[in-house]
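# Topology and contacts: notes
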Amino acid sequence: MGHVKEINVLIIVFTEMRDKLRKWREDNHRNSEQIVDVGEELINEHASKLGDDIWIIYEQVMIAALDCSRDDLAWTCLQELKKQFPGSQRVKRLAGMRLEALEKYEDASKQYDSILQDDPTNTAARKRKISILKAQGKSAEAIRELNEYLEQFVGDQEAWHELSELYINEHDYGKAAFCLEELMMTNPHNHLYCEQYAEVKYTQGGLENLELSRKYFAQALKLNNGNMRALFGLYMSASHIAASPKVNATVKKANVKYAAWATNQINRAYQLAGRGTKENKCSVKAVEEMLESMQITMS
Amino acid sequence: MAEPELLLDSNIRLWVVLPIVFITFLVGVIRHYVSILLQSDKKLTLEQVSDSQILIRSRILRENGKYIPKQSFLMRKFYFNNQEDGFFKNTKRKVVPPSPMTDPSMLTDMMKGNVTNVLPMILIGGWINWTFSGFVTTKVPFPLTLRFKPMLQQGIELLSLDASWVSSASWYFLNVFGLRSMYSLILGQDNGADQSRIMQEQMSGAAMAMPADTNKAFKAEWEALELTDHQWALENIEEELMSRELDLDGMFSKELPTGIF
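Residues numbered from 1 in each chain as written. Chains lettered and ligands numbered in written order. Predicted model: local features only at pLDDT ≥ 70, side-chain atom pairs only at ≥ 80, totals over all residues. Heavy atoms only, no water.

Short version of the rule: UniProt positions are given in the numbering used here, feature names are shortened, and annotations may be inferred rather than shown by experiment.
Where an unreviewed UniProt entry is consulted, chain B appears under the name ER membrane protein complex subunit 3, with the organism given as Hucho hucho. Taken verbatim from the UniProt record of chain B, the Subunit (unreviewed entry) comment is "Component of the ER membrane protein complex (EMC)." For the record of chain B, the UniProt heading Sequence similarities (unreviewed entry) holds the text "Belongs to the EMC3 family."

Under an unreviewed UniProt entry, the name given to chain A is ER membrane protein complex subunit 2, and the organism recorded is Hucho hucho. Quoted verbatim from the Function (unreviewed entry) heading of the UniProt record, the comment on chain A is "Part of the endoplasmic reticulum membrane protein complex (EMC) that enables the energy-independent insertion into endoplasmic reticulum membranes of newly synthesized membrane proteins." UniProt, in the comment section headed Subcellular location (unreviewed entry), describes chain A in these words: "Endoplasmic reticulum membrane".

Shown next, in the form of structure tokens:
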């Protein structure tokens, strides 16, 4: 499958290639192999037709080349950019990234420090330094540095998300929840943040957290009716609360109702998914059995 | 009162009205590009960046705090507004009012602003007045009092002429302000040819009075945050969600989108 796609790439016209690169750039895709294929062709064959676009394409291709360990290509791109923009901080950061890819972390760190000397507000260099710590596996230090960074730049959403991921890896769910709350506030309509927050709360456990997680799974579903993970999460959290011995009867009844509703929706979804296929009946039955087995006995 | 309608030579329209429009427009475009060339980099300090982001965070807390649990909201509000060590209570930034004397870059900025905007206007206004003088150019569609005559009818010495008939100089000034919307259409917002905006900035006091504002901004945020209450948006979310079936249309179609291509 991969090879067929590569051949299709080469046949596509120049403008399509350039537009695809732009789309990947804008959507922040990390499909580095494809970028390297398309970008290399574009740079080698069609450099003259690109005009001023070529510089940003050099940057995009260089980063993708570093991902694919294509140091030759990365070096070429870097040289071209250095010639065109001597003394640019953006180019210095790319040079630092290349050193990182070659695992020369000391040199990369020095490079970023020199950028920060010139311009203390440069966020990109700081974030690269934190990535170096992450790459070296020093997660405690990375967390500490990231916290300091966020004290200065409270609005950097990418950083908040990164920090929440680091905390989850350290199993510090309380702090991860804090980071996700920041993200939920700045992006109230993003169902994925709600869902992630609900999952963290569910993992923390305890009645209060389960209630919160159920609410946030519901919110994620409200924002995006098609979020199956949130639907399952809603079912799980409602069932858990209903099965807990500490709840009173009204709460239990309510949660059983929620769980039942969720079950209905799950069944509906699987019915819709398998319309007309032979496997449909099997998968629907499998879902029903799974839901029954997950039913924690309501005593 | 019924006044005799003056019939203007159509040559006036061709050789005066339209050229003035073109001249004004072109000068505006040139001004825009010149201002871009002469722009000096605004260096922000780390503290300024940090402060502006903190203010944004506080504002977002006020607006979207209802999406996070009550406990979290209170925790953040406490952090900002606490009597003893709340951020807004305690942080005092050094206030340095940027007067033109102490801040050399501010002085050059002001000079550049003057040169690019006021000077051309005066020069070209004068040139148009000199070139296109002695005749009436156009009529404004609303009646004006006699007081406007000396201002709008420079060079026309007719006492009995209605004040609505104006000279080319006033047509020029009309254009300068009228073409503002054209500039935003063609050059995009925040363009250097937008004179009235620049004049407003000059009139409203020293430009970039940010440092003094920071303390005031903090105080304003503190007050606003004190007043905010937490109305949890998720209070009845389950009832809202389960009042109807999920909309699963379009989720499962036979042809799934194949990856990136």
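### Let's talk about empty space enclosed by the protein
Residues and elements named next belong to chain B. Test applied: Using only the protein atoms, space was sampled on a 1 Å grid; points where a 1.4 Å probe fits but cannot get out form cavities, open sets with protein on both sides within 12 Å along at least five of seven lines form pockets, and lining residues are those with an atom within 4 Å of a point. Grid points are joined across faces, edges and corners, and a volume is the space filled by probe spheres set on the points. Segments assigned H or I by DSSP are reported as helices when at least four residues long, segments assigned E as strands when at least two residues long, and all are numbered from the N terminus.
Applying the stated criterion to the full structure yields 1 cavity of 30 Å³ or more. The wall of the largest cavity is formed by Thr 24, Val 27, Gly 28, Arg 31, Tyr 172, Val 176 and Tyr 183. At the level of secondary structure, the elements contributing two or more residues to the lining of the largest cavity comprise α1 (10-38) and α7 (168-178). Looking at the lining of the largest cavity element by element, the count peaks at 4 residues for α1.

### Things to note about the UniProt feature "transmembrane region" (unreviewed entry) in chain B
As annotated by UniProt and renumbered to match this structure, "transmembrane region" (unreviewed entry) occupies residues 12-34 and 115-136 of chain B. Helix makes up 77% of residues 115-136 of chain B and strand 0%. Its end C-alpha atoms lie 31 Å apart.

### Side note on the packing of aromatic side chains
To keep things clear, this is the line we draw: Side-chain rings of Phe, Tyr and Trp (the six-membered ring for Trp) are treated as a pair once their centres are within 6.5 Å; stacked means planes under 30 degrees apart, edge-to-face means over 60, and tilted covers the remaining angles. Any Lys NZ or Arg CZ found within 6 Å of a ring centre and within 35 degrees of that ring's normal is scored as a charge over the ring.
Applying the stated criterion to the full structure yields 8 aromatic pairs over all chains. These aromatic residues form a ring-pair network of at least three members: Trp 55, Tyr 58 and Phe 85 of chain A. Above the plane of the ring of Phe 178 of chain A lies Arg 76 of chain B, whose end atom (NZ or CZ) is 4.0 Å from the centre.

### Quick notes on the layout of surface pockets
All names here are of chain A. What counts is decided by this rule: Under this grouping Gly is polar, as are all residues other than the nonpolar Ala, Val, Leu, Ile, Met, Phe, Trp, Tyr, Cys and Pro and the charged Asp, Glu, Lys and Arg. Start and end points for every domain follow an automatic or database-based domain assignment.
Looking at the second largest pocket, its volume works out to about 1600 Å³. Every residue lining the second largest pocket is counted, 43 residues in all, and those nearest its centre are Arg 30, Ile 63, Arg 93, Met 97 and Arg 128. At the level of elements, α2 (14-27), α3 (32-50), α4 (53-67), α6 (89-101), α8 (123-135), α9 (139-152) and α10 (157-169) are the ones that each hand at least two residues to the lining of the second largest pocket. Partitioning the lining of the second largest pocket into residue classes produces 18 nonpolar, 9 polar and 16 charged. Here the lining of the second largest pocket spans two domains, since at least three of its residues come from each of domain 1 (17-119) and domain 2 (136-185).

### Here we look at a negative patch on the surface
To keep things clear, this is the line we draw: What goes into a patch is any residue over 30% in relative accessible area without a salt bridge, connected to like charges within 9 Å or, for nonpolar side chains (Val, Leu, Ile, Met, Phe, Trp, Tyr), within 5 Å. We get accessible surface area from the Shrake-Rupley algorithm with a probe of 1.4 Å; when it comes to residues, only the shown protein chains can shield them. The working definition used for a salt bridge is a side-chain nitrogen of Lys or Arg within 4 Å of a carboxyl oxygen of Asp or Glu. In this tally Asp and Glu are treated as negative and Lys and Arg as positive; neither His nor the chain ends contributes. Positions of charges follow a simple convention, taking NZ of Lys, CZ of Arg, CG of Asp or CD of Glu.
There is a patch of like negative charges on the surface, built from Glu 141, Glu 145, Glu 148 and Glu 151 of chain A. Tracing the backbone shows Glu 141 of chain A in helix α9.

### Comments concerning helix α14 (residues 228-243) of chain A
Selection rule: To estimate how far a helix should extend, the number of its residues minus one is multiplied by 1.5 Å. Partly exposed describes any residue whose relative accessible area lies between the buried limit of under 20% and the exposed limit of over 50%, with all areas from a 1.4 Å probe on protein chains only and scaled to the type maximum.
Under the 1.5 Å per step criterion, the end-to-end length of α14 of chain A is 22 Å for 16 residues, consistent within 8% with the ideal 22 Å. Within α14 of chain A, the full set of buried residues consists of Met 228, Ala 230, Leu 231, Gly 233, Leu 234, Tyr 235, Ser 237, Ala 238, Ser 239, Ile 241, Ala 242 and Ala 243 of chain A.

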